[in-house]
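Each chain, letter by letter, is given below.
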Amino acid sequence: MPQFVLPILNACRRRVSCRPVVVCLAMITWSTAQAQTNRAGTQENTSAPGGVFHEATRTDLFISGIYPHLTTYGVYSENGGHFKPGHNECGIGGIVPWAGKLWMVNYAPHMPRGSEHKLFSVDPDLSKPMTIHPESVGGTPAGRMIHEESQQLLIAHYLIDAQGHVRTISPADMPIRVTAIARHLTDPANMVYYIDMEGSIWEANVQTLAVQRLFKKPVPGWHGKGGYTSQGRLVISNNGELHVGDYKDVLVGGKATNAEERGVLAEFNGTNWKIIERRQFTEVTGPKGITGGSDGNDPLWTMGWDRRSVRLKVLDNGQWHTYLLPKAAYCNDASHGWYTEWPRIREITDGRWMMDMHGMFYNFPPTFSAQNSAGITPIGSHLRYVPDFCNWNGRLVLATDETSIQENKLAGQPQSNLWFGRFEDLKTWGPASGYGGPWVEDDVKAGVPSDPFLVAGFQRRVLHLATGRRSPLVPADMLRATDQQQIHRLSDELATLPRVTVDRGDWHQAAHGFSFEIDQPVTVYLAVDRRGSPKLNPEWKLTELSLTWGAKHETDVVYSQSFPKGTVHIPGNPTEHSRNAFGMPHMAFVKGTLPTVDITPSKGATVTRPQTVSTKTDATVPVAFTVQIDHAGNGLWTDFKTIAVENDGYVAELLPADLDAVWLRIVADRDCTATAQLHQTSDYPAAKSLSSDADLFAGLADAASTDSHSAVIYAAKRNRNLRVITDKGKFFEFTKAGFEFKVDESDAKLAELIRTETEFAVDDASVILMHKGVRRRLPKGGSAFDRPFAVAGSITGAWPRATREVESERHLANIHGTFYEVPLVINGQPPAFDQMRPVASHNKRIMDYCTWNGLLVLAGVSKSATANPHIFASSDDKTALWFGGIDDLWKLGKPVGIGGPWKNSAVIAGEPSDPYLMTGYDHKQLTLTASTDTTITIEVDIDHQSGWHTYRTVSLIADETFTFIFPPEFSAHWVRFVSSKSCTATATLEYK
């Protein structure tokens, strides 16, 4: 047995190199106190009636901030298996120190009437098993509040007194998904408000547990989140807009009138409801934090987002004020709001508060107000999906929504765990880098300042300013049917045409046809829901046009047909694409022979004409944008610089590293359509890594090595173990109880389910990805990644795993030596590669990866690895795995790579290259060559929305090399190149 192998539970525990070792995420020397809490132990798993486990579970392991024995699950009655519907998620929704223990609840996806999810308490002696309380009723909870007068912790449906005694409000009496609990306006000593994810508002007596529903759904939005009381009002938030009910009970507001209206922020003064903003909002809190509100005039804080940036609002003396912050990641952005579970603003030590939103931790000042807005600074970015966090016994604790199986076929059952560490550890994770701004192709009024945008705490900044509109002209309110289903993308040829639609109707019935009269010959382009492959008359000819719509980003095919003046008849859609579910009605775009065509629709049909956008007032005069800064966060603004931008122009303004400001805002000197986005980047902590970071991944095999334990892995459904298949066809289980490998029976179905396949291509220039019909390119790592890892004939697949959901509804991608985070838009659909960000580059032979028991698991351990507490191996040396934390990945290596869209490529004049990734790389060097004299235009994508902007042009002399180093402050999401002449060209970017 090699010396590095950690023990099977009783096989070799006496070996010095195999003793359990505590490893903090920051890889610091662990303290005596931590060592005491890490002493060896076992727990007899008797989690629930019918779910008794007789195998002793190790409680001595502490790996990268995670105690594996504290893992929570969705089902507790199937002897460790997951065979119960409706329990496909188990994020930890709330954690609160109370009555000498840490209390927490986990949640199901949609269970207002209860589930097998539990109320847990964790003992300060973390070697003891956690308690699963028999009062548990499950559900979908994340609301928590400490009611000071009665000295009770209110968490989910539970009320827990100061001695730890639990009472429960039955879900039969209050059938809601408890998303927030807030202080009562009129009887705070005895009553509280319960906020329901569906939108209802309840009140409960904390003494008697009597409950009543006050409002069924007072305001719109369909994914309720926060609630808090201050300044004589209850403020609630909602971060989703996917329609799952009707509006008959809504007291104020109604259906969204455009794509910008998502979710809601609203307030109730005890008599009337008022909508503050129709945007996606989550947390609502204030200086009294978890006590649920104030009876006085304390400030009230709430945070949300829109397509431009994170939105932070403060209610100060009855007035709302708005501040903007960047997004480190785009995983939260989907309109349904499902992937943004309870980001918090919360006190984590005496006087220290922290905010988490869009993949970034921030320092948050408890004195934050409109008159004193300084103190918000970025801490760093993260991959962990964090529904709650707190301080407990001197350690920072993060809750997690880890492994979900909602349309995630590569995991058998959901599971989540806690992370324990220090506040300082967060600074060793991802860089403090983020993107956003006040405008994306917005109509801007002369002299009206933008909302303030945070600039404090970042090392490098570039302000992207543009005028005019470059993105395809998709009106924000364009719907696929007259009454519903937002259109996200459509071909430019369709965007400028009038369109004829009908209501969606009952989707259990065939969609209706319609007709319209035209005053001239026309060409009609017909968008057809391709689900079920509906048939049209042969007169309709298929085109290459398309459009994408709806929460699942369905893509229509488009047909065309010419019609003379008179009546156009559009057929119905009788196609049943699944049992008792019919496709959308067709949508007609009308192109006349004259500039304007008159269209008279039949009854039930609606004609909508595209908006006319005018972005210029005087084409000869640039727009002058004055950048103003607030030095101290006191609301006093001074002019910093004026930047002139030509009409339909673009400027990348590098801001000084010593910019002395908390907030920045912009004022235009005349009406215009403008984009203003800041890319603010900082060094990777790994660039200043601790000396022990190299040891963290030392056991992984190098990419070119043939001496590795290659395997694919799967979090089991039948039990709580990890299933492993080696490239030699050996099957193992790695056990939850003993952290040991056991030989397993062959399972052809499992092998087929988790086999790996090629998900990207490689050519001489770079890595190639296809996303939504667009070919995108990524940098290359070492040449060893050009070919499969596994030996010929392997049953596990030849290529290493590329993409996999690791945190709930968040993908990682391991492509050609770099890990990327890739947002998910809808469960079961491909992730949004256009919004990916690099996490770390490596030269390791990582065949597969997943999350299991709160840990990140990597397959690709070297057979010759030396002692390493992150590595567990089988006693027969047939396999081994690496275990750590998800945010350990940042320490694997700063993102680097080389490549580009062209390498001795035949380039056509005026035809743009494929987009090439630029997000997240700091030192960027460009090399250009061409076979003939030509001009190369460098274009950049700065916001994923406003199209391509010309950064600069380069005049090339035939066969001469042009080299350009981008300024360190400059950052963009994607870059592409356009040649003025056809030629053979190379465009290479080296990211160092």
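The rules behind the values
- Residues numbered from 1 in each chain as written.
- Predicted model: local features only at pLDDT ≥ 70, side-chain atom pairs only at ≥ 80, totals over all residues.
- Heavy atoms only, no water.
- Pairing = 2+ DSSP bridges.
- Helix = DSSP H or I, 4+ residues; strand = E, 2+ residues; numbered from the N terminus.
- Axes fitted to C-alpha atoms, helices over the stretch in contact; angles between N-to-C directions.
- Buried < 20%, exposed > 50% of the residue type's maximum accessible area, 1.4 Å probe, protein only.
- Core = buried A, V, L, I, M, F, W, Y, C linked by side-chain atoms within 4.5 Å.
- Contact = heavy atoms within 4.5 Å.
- Salt bridge = Lys/Arg side-chain N within 4 Å of Asp/Glu carboxyl O.
- Phe/Tyr/Trp six-rings, centres within 6.5 Å; stacked < 30°, edge-to-face > 60°.
- Lys NZ or Arg CZ within 6 Å of the ring centre and 35° of its normal.

Ordered by their spatial adjacency, four strands build an open sheet running β60-β61-β62-β63, and the pairing between neighbours is antiparallel. Unpaired on one side and paired on the other, β60 (803-807) and β63 (837-841) mark the two borders of the sheet. Between one strand and the next, the sheet's axes are offset by a mean angle of 30°, whatever the strand orientation. Bridging between strand β61 (residues 810-815) and strand β62 (residues 818-823) involves six bridges; their strand directions are antiparallel. Along β62, the bridge assignment pairs N814 with F819.

Right, let's talk about unusual backbone geometry for a bit. Unusually for a residue other than glycine, N79 sits at a positive phi of about 55°. Mapping N79 onto the fold places it in the loop between β3 (72-73) and β4 (92-98). On the basis of relative accessibility, which here comes to 44%, the residue N79 falls in the partly exposed class. Its identity as a non-glycine residue notwithstanding, D959 has a phi of 65°, on the positive side. Secondary-structure assignment places D959 in the loop between β73 (949-956) and β74 (962-965). When its relative accessible area of 64% is taken as the criterion, D959 is described as exposed.

So, about the nonpolar core. One finds L398, L426 and F883 to be the most contacted residues of the largest nonpolar core, which totals 58 residues. Take this core: its biggest share by element is five residues, from strand β65 (residues 855-859). Once you skip the residues sitting within four places of it in the chain, F883 turns out to touch I63, F734, F739, W852, L855, L856, V857, H870 and F872. Counting 43 residues, the second largest nonpolar core, distinct from the first, contains V767, L917, F964 and A987.

Scanning all chains against the criterion turns up 43 salt bridges. In this structure, the salt-bridge partner of R144 is D388, at a minimum N-O distance of 2.9 Å. Here the residue R144 occupies a position in strand β8 (residues 144-147), and D388 occupies one in the loop between β27 (377-381) and β28 (389-392), the gap between them amounting to 244 residues. Of the residues examined, R144 reaches a relative accessible area of 11% and is grouped as buried. Taken together, the salt bridges that share partners define one network made up of E260, E277, D306, R307, R308, R311, K313 and D442.

Glancing now at the packing of aromatic side chains. For the coordinates displayed, the defined rule picks out 44 aromatic pairs. Ring centres of F268 and W273 lie 4.9 Å apart, and the angle between their planes is 25°; this geometry places the pair in the stacked category. We classify F268 as buried; its relative accessible area is 7%. Given the relative accessible area of 8%, W273 is considered buried. Here the aromatic rings of F966 and F970 are separated by 5.6 Å at their centres, their planes lie at 20°, and the arrangement is stacked. Residues F966 and F970 agree in their burial class; the two are buried. Site record: aromatic cluster; members linked through ring pairs are F732, F734, F739, F741, W852, F872 and F883. A cation over a ring is seen here: R776 above W974, with NZ or CZ 4.7 Å from the ring centre. We note R952 situated over the ring of F964; from NZ or CZ to the ring centre the distance is 4.6 Å.

Moving on, we come to the side chain of T340. Tracing the backbone through its elements, the reader meets T340 in the loop between β23 (319-325) and β24 (345-349). By relative accessible area, T340 is classed as buried at 1%. In this structure, T340 is in contact with K225, N239, T282, W305, N332, M357 and Y385, ignoring residues within four places of it in sequence.

Next up on the list: the sheet that holds strand β29 (residues 395-398). Here three strands make up an open sheet; going across it, the order is β28-β29-β31 and the pairing antiparallel. Strands with a single pairing partner mark the edges of an open sheet, and in this sheet they are β28 and β31 (419-421). Taken over all neighbouring pairs, the strand axes of this sheet differ in orientation by 25° on average, direction set aside.

So, on to the pairing of strand β36 (residues 499-502). The alternating pattern of β36 places R499 and T501 on one face and V500 and V502 on the opposite face, and all of these are buried. With four bridges connecting them, β36 and strand β46 (residues 605-608) associate as antiparallel partners. For V502, the partnering residue across the bridge sits in β46 and is A605. Sheet topology places β36 next to strand β44 (residues 587-592); two bridges connect them, and they run antiparallel. In the sheet register, V500 faces β44, and the bridge partner there is A588.

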